[in-house]
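Here's the letter readout for the chains.
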Amino acid sequence: MAVATTMALLATLLFPIDALAPADICNHPIDNTNSRKRSRKAAFLHKSDRGTMPPVVTAEELHNLGLSLSKRKRGSHSFYKGWIHWRSAAIDAIRSDLSMNLPERADRAEFEDLFFKLGVASDVGQMPSFEDAGARSGYAIEFFCRARYLADLYVDALNEKYDFPPFWLDELETTPMITGRTLMNNENDETYHMVSLGGGPGFDYVGAALASSFCAYTANIDRETSRHSQQQFQRQLSIKATILDYEEGWCDLVDAMGDSTQRILQNSQLSCNWGG
């Protein structure tokens with residue numbers, strides 16, 4: 001649990017996406033008459049509004065892709081190319097599913113207002129409100145790419161060119177994020193518990209689910225029994241994440257995030273729960 005929490009916090013510090021405010025608003029109060037950062041044409045909500053979303057893979061297609069990459073040597077160049085391909089497809093598919101599973105429809109204008117104020121907050125120290133449900137939904141959809149940061153950090157631990165502290169690597173070797181399994185023998189199932197602090201709406205959980213699911217394909221398991229069976233992966237991988245955040249409004253979005261991740265990764269033992 002300590003390793004998962006530490007890495008989640010590190011990923012947040014390394015990639016502060018909210019700190020994107022224009023320089024000319026530094027040291028000035030928020031002007032509510034113009035508090036809006038326009039979405040770019042490449043933004044999910046922008047493309048969704050215009051019906052120009054590209055197709056995404058199905059859950060079964062994603063599973064088959066993982067199987068096709070399962071024999072690549074861990075830490076090799078081809079392994080990382082396969083990882084980037086698989087996790088990019090998975091993120092697009094989970095986000096697409098989430099967009100149709102939101103507890104409240106994303107409000108593009110309210111999200112852009114929140115996005116602007118998040119940038120201002122980094123300069124003036126004035127925390128914006130997350131009380132608008134439509135803005136929160138927009139945040140969950142538009143910033144969904146954050147899930148890849150923690151996922152990449154986990155998988156990078158398999159790359160010898162990165163100089164991670166030995167104690168860190170030793171601890172990671174006991175987690176499903178690298179081993180791809182929580183079942184360590186043939187008799188007893190074990191669930192890996194992780195906590196994400198300030199983790200609404202659940203990006204850290206998705207990152208952990210992505211890394212562990214991909215590593216499950218390359219784990220040392222019986223190829224003949226796993227080649228066509230998703231149940232084999234479900235039996236060896238069980239993660240329960242608890243999301244803690246000061247904003248109570250993330251509660252239903254955390255549930256939706258968990259549901260979409262389960263559907264696309266086809267593993268009911270990957271769960272994400274709101275902890276308050």
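This text follows the structure it describes.
In this text the structure is predicted, and so the values were computed from the model without any measurement.

S.K.: Is there a simple way to explain the packing of helix H5 (residues 108-124) against helix H6 (residues 133-142) in this structure?
M.R.: Packed helix pairs are specified by the crossing angle of their axes together with the interaxial distance, meaning the distance between the axes. Close contact between H5 and H6 brings their axes to 8 Å; oriented N to C, the two are set at 75 degrees. In terms of orientation, H5 lies roughly perpendicular with respect to H6. Between H5, through Glu110, Phe111, Leu114 and Leu118, and H6, the contact on the second element is made entirely by Ala135, Gly138, Tyr139 and Glu142. Per-class residue counts for the contact of H5 with H6 are five nonpolar, one polar and two charged.

S.K.: Help me understand the packing of helix H4 (residues 77-99) against helix H10 (residues 203-218), please; the structure alone is not making it clear to me.
M.R.: At their nearest, the axes of H4 and H10 sit 11 Å apart, and the two run at 135 degrees to each other. By the criterion of interaxial angle, the relationship of H4 to H10 is oblique. In this structure, H4 crosses over H10, and the sense of that crossing is right-handed. Residue-level inspection shows Phe79, Gly82, Trp83, Trp86, Ala90, Ile91 and Ile94 of H4 in contact with H10, the latter providing Val206, Leu210, Ala211, Ser213, Phe214, Tyr217 and Thr218.

S.K.: Honestly, the sheet that holds strand E3 (residues 270-274) in this entry has me stumped. Any pointers?
M.R.: Sheet strands pair by backbone hydrogen bonding; their relative direction is either parallel or antiparallel. The sheet built from three strands is open, its strands ordered E1-E2-E3 with parallel pairing. Sheet topology places strand E1 (192-197) and E3 at the edges, where each strand pairs with a single neighbour. Across the sheet, the mean angle from the axis of one strand to that of its neighbour is 20 degrees, orientation sign disregarded. The sheet contact formed by strand E2 (residues 239-244) and E3 spans five bridges and is parallel. By the bridge assignment, Thr242 is partnered in E3 with Asn273. Packing of H10 onto the sheet brings it into contact with E1, E2 and E3, and relative to E3 it is tilted by some 170 degrees. Its contacts with the sheet place helix H13 (residues 251-265) against E2 and E3, and it is angled at close to 175 degrees to E3.

S.K.: I keep staring at the packing of aromatic side chains and nothing clicks. Help me out?
M.R.: A ring pair, where both rings are aromatic, is described by two values, the distance of the centres and the angle of the planes. Under the criterion given, the structure shown has 17 aromatic pairs. Seen in terms of ring centroids, Trp86 and Phe214 are 5.5 Å apart; in terms of plane orientation they differ by 45 degrees. Their pairing is tilted. Note that Trp86 is positioned in helix H4 and Phe214 in helix H10, a separation of 128 residues in sequence. One exposure class covers both Trp86 and Phe214, and it is buried. One aromatic cluster is present, built from ring pairs that chain together Phe111, Phe115, Phe130, Tyr139, Phe143, Phe144, Phe203 and Trp250. Over the aromatic face of Phe143 sits the side chain of Arg146, whose NZ or CZ is 5.2 Å from the ring centroid.

Quick notes on the rules
Residues numbered from 1 in each chain as written. Predicted model: local features only at pLDDT ≥ 70, side-chain atom pairs only at ≥ 80, totals over all residues. Heavy atoms only, no water. Axes fitted to C-alpha atoms, helices over the stretch in contact; angles between N-to-C directions. Helix = DSSP H or I, 4+ residues; strand = E, 2+ residues; numbered from the N terminus. Parallel < 35°, antiparallel > 145°, perpendicular 65-115°, else oblique. Contact = heavy atoms within 4.5 Å. Nonpolar A, V, L, I, M, F, W, Y, C, P; charged D, E, K, R; others polar. Left-handed = near helix turned anticlockwise from the far one by under 90°. Pairing = 2+ DSSP bridges. Phe/Tyr/Trp six-rings, centres within 6.5 Å; stacked < 30°, edge-to-face > 60°. Buried < 20%, exposed > 50% of the residue type's maximum accessible area, 1.4 Å probe, protein only. Lys NZ or Arg CZ within 6 Å of the ring centre and 35° of its normal.

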